[in-house]
Amino acid sequence: MDRILANSGCGTRTEVKKWIRSGFVSVGGQIITDPSAEIPESNLNDVSVSGQKVRCSHFLYLCLNKPDRCLTALEDTRLRTVREFIPVHLLGKGIAPVGRLDYHTTGVLLFTNDGELNHRLSSPKHHIPKSYTVRFSGPPIDPETVSLIASGMVLRDRPGKKEILSPATIGSDGPSGCQITIYEGKTHQVKRMLAATGRSVISLHRHDFAGIRLTSDQKFGQIRDLTEEEIDALKNACGFNDRSEKLI
Ligand code: URA
């Protein structure tokens, strides 16, 4: 109950828990005082706070610290997938990864069952920033590479195909490291960008997706709910205004 109400934008998780415990929330005309009560889909359009109807949804927004050696997929016949890090009670609720990380790439991977938001966050149209910490072999990052990447480089690594990339930013992080921010999500994009400059990626960690970062204690394989502020920030990042009615 508290998650659904908070996701609907009428208050923070802490606020709505307080309202529920205080008897302000009803579902199908019945007062609910347990914030952890399960609300059936069929009752979602009959939720009220202090007698005012709230438009509710079962949307979920999660952030996984993806470990190495797993596929960004919910099933595969041969390889380990991110499915094992999703709590069982959330499987079957239609959640899907927002974009993908390669098998060996680690770090921030979002999941949601809000299809419209997922679509917007994945679309290059919205220029969503994604930042990576990279270790590579090859020459240190030099000013030519910085300006090449800043001006929008051209990839010619696929037969008969020329891909023009959006401008990105890169900063050196020691002789064999860099931080790179890209605003689209082409397949193996960071690896291909560095390969085009004569470098080979050894490890790739996404530390930021549209401002969403791992918490300091979030270990590999740990998944957490996004906070209300994070969900709001994601929606703002892709011009997707909160569709709920602010009631209180
Ligand atoms: N770029 C890559 O090359 N791989 C990833 O997993 C993400 C971005």
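Residues numbered from 1 in each chain as written. Predicted model: local features only at pLDDT ≥ 70, side-chain atom pairs only at ≥ 80, totals over all residues. Heavy atoms only, no water.

**A word on the domain arrangement of the protein**
Alright, step 1. Splitting the protein by domain gives domain 1 (2–58), domain 2 (60–123 + 220–243) and domain 3 (129–209).
Alright, step 2. Spacing between the C-alpha centres of domain 2 and domain 3 amounts to 23 Å.
Alright, step 3. Counting residues at the interface gives 14 residues for domain 2 and ten residues for domain 3.
Alright, step 4. Roughly 890 Å² of surface becomes buried between domain 2 and domain 3 when both sides are summed, with 50% attributable to carbon and sulfur atoms.
Alright, step 5. Connecting domain 2 to domain 3 are one salt bridge.
Alright, step 6. Residue aspartate 102 is joined to lysine 191 by a salt bridge in which the shortest nitrogen-to-oxygen separation is 2.7 Å.
Alright, step 7. If one sorts the elements of the side of domain 2 that touches domain 3 by residue count, strand E7 (residues 106–112) sits on top with five residues.
Alright, step 8. Across the side of domain 2 that touches domain 3, the residue classes break down as eight nonpolar, five polar and one charged. (Domains from an automatic or database assignment. Contact = heavy atoms within 4.5 Å. Buried area = accessible area lost by both parts, 1.4 Å probe. Salt bridge = Lys/Arg side-chain N within 4 Å of Asp/Glu carboxyl O. Helix = DSSP H or I, 4+ residues; strand = E, 2+ residues; numbered from the N terminus. Nonpolar A, V, L, I, M, F, W, Y, C, P; charged D, E, K, R; others polar.)

**Things to note about the pattern of salt bridges**
Alright, step 1. Under the counting rule described, the total for this entry stands at 14 salt bridges.
Alright, step 2. With a closest N to O distance of 4.0 Å, aspartate 2 and lysine 17 form a salt bridge. A residue pair is termed long-range when its members are at least 10 positions apart, and aspartate 2 in helix H1 (residues 2–7) and lysine 17 in helix H2 (residues 13–21) qualify at 15 residues.
Alright, step 3. For aspartate 2, a relative accessible area of 7% translates into the label buried.
Alright, step 4. On the basis of relative accessible area, lysine 17 is assigned to the partly exposed category, the value being 31%.
Alright, step 5. With a shortest N-O distance of 2.9 Å, glutamate 116 and arginine 120 are connected by a salt bridge. (Buried < 20%, exposed > 50% of the residue type's maximum accessible area, 1.4 Å probe, protein only.)

**A closer look at the side chain of arginine 224**
Alright, step 1. Tracing the backbone shows arginine 224 in strand E14 (residues 223–225).
Alright, step 2. Accessibility expressed as a relative area gives 15% for arginine 224, which makes it buried.
Alright, step 3. A distance of 3.1 Å separates polar atoms of two side chains, one belonging to arginine 224 and the other to glutamine 218.
Alright, step 4. Those residues in contact with arginine 224 that sit more than four places away from it in its chain are Tyr61, Leu62, Cys63, Ile212, Arg213, Thr215, Gln218 and Glu230. (Polar contact = N/O pair within 3.5 Å; in protein donor to acceptor, adjacent residues only side chain to side chain.)

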